[in-house]
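Examining the three-dimensional arrangement
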Amino acid sequence: MNKKRKILFLGVLAVVLMIGGCKAEITGYEKVSDLNYTVMNKDEIPEDLAAIIEEKKENIFKFTYSDQQFLYIVIGYGMQESGGYDIQIRDLYLTSNAIFFDTELIGPKKADETMKGSSYPYLVVKTELMDQRVIFE
């Protein structure tokens with residue numbers, strides 16, 4: 001009886017691992033390489049891009065912008081009721097057919113919760129110019 005349980009467990013484990021491996025192949029999000037990037041300060045953002053962000057800042061947005069030299073990956077989390085928010089980059093890498101970009105909005109710390117007024121947290125990442133679609137997670 002104990003041997004049957006081990007065999008059953010190993011069989012279930014093998015199926016789970018195979019399904020997990022298939023999912024990764026289907027999504028196409030496997031990392032091919034890391035990307036070098038720079039998080040842009042607000043005063044470094046190209047004027048045209050800054051104007052687009054200003055127009056979109058009230059709502060959540062995700063888009064890319066390119067000039068003749070660089071690709072800018074932009075994400076905004078819309079209007080927040082207070083200040084003190086931050087955006088953390090969880091992952092940014094190149095896959096075989098896209099750029100994968102995963103971020104998270106971090107809420108204000110206790111001391112920052114008292115900051116009055118709305119805020120519009122967004123992040124602009126500059127990387128090398130390439131003709132790849134961006135997957136936002």
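Anyway, here's the lowdown on the structure attached to this text. No experiment lies behind these values; they were computed from the predicted model shown. (Residues numbered from 1 in each chain as written. Predicted model: local features only at pLDDT ≥ 70, side-chain atom pairs only at ≥ 80, totals over all residues. Heavy atoms only, no water.)

1. A look at the pattern of salt bridges
Inspection of the entire model under this criterion finds four salt bridges. R90 is the partner of D102 in a salt bridge, and the nearest nitrogen-oxygen pair spans 3.8 Å. Of the two residues, D102 sits in strand β6 (residues 98-106) while R90 sits in strand β5 (residues 86-94), which places them twelve residues apart along the sequence. Since its relative accessible area comes to 13%, D102 is described here as buried. (Salt bridge = Lys/Arg side-chain N within 4 Å of Asp/Glu carboxyl O. Helix = DSSP H or I, 4+ residues; strand = E, 2+ residues; numbered from the N terminus. Buried < 20%, exposed > 50% of the residue type's maximum accessible area, 1.4 Å probe, protein only.)

2. Some remarks on the sheet that holds strand β4 (residues 70-77)
An order of β2-β7-β4-β3 is seen for the four strands of this open sheet, with the pairing classed as antiparallel. One side of each edge strand has no neighbouring strand; the edge strands of this open sheet are β2 (37-39) and β3 (60-66). Neighbour to neighbour, the strand axes of the sheet diverge by 15° on average, direction disregarded. Both β2 and strand β7 (residues 122-128) contribute to a ladder of three bridges, which runs antiparallel. Bridge assignment links T38 to a residue of β7, and that residue is K126. Along the sheet, helix α2 (residues 47-56) contacts β3, β4 and β7; its crossing angle with β3, the most-contacted strand, is approximately 165°. (Pairing = 2+ DSSP bridges. Axes fitted to C-alpha atoms, helices over the stretch in contact; angles between N-to-C directions. Contact = heavy atoms within 4.5 Å.)

3. Digging into the sheet that holds β5
In a beta sheet, neighbouring strands are held together by backbone hydrogen bonds and run either parallel or antiparallel to one another. Here we have four strands laid out as an open sheet, ordered β1-β5-β6-β8, and mixed in their pairing. This sheet does not close on itself; its edge strands, each paired only once, are β1 (33-34) and β8 (133-136). Both β6 and β8 contribute to a ladder of four bridges, which runs parallel. Across the sheet, residue I99 finds its bridge partner in β8, namely V134.

4. Looking at the packing of aromatic side chains
Counted according to the given criterion, the structure contains four aromatic pairs. Between F101 and F136, the aromatic rings sit 6.0 Å apart at their centres with planes inclined by 75°, giving edge-to-face as the arrangement. Taken together, the positions of F101 in strand β6 and F136 in strand β8 put the pair 35 residues apart, joining distant regions of the chain. K126 extends its terminal NZ or CZ atom over the ring of F70, reaching a point 4.3 Å from the ring centre. (Phe/Tyr/Trp six-rings, centres within 6.5 Å; stacked < 30°, edge-to-face > 60°. Lys NZ or Arg CZ within 6 Å of the ring centre and 35° of its normal.)

Taken by themselves, the reported measurements are silent on function.
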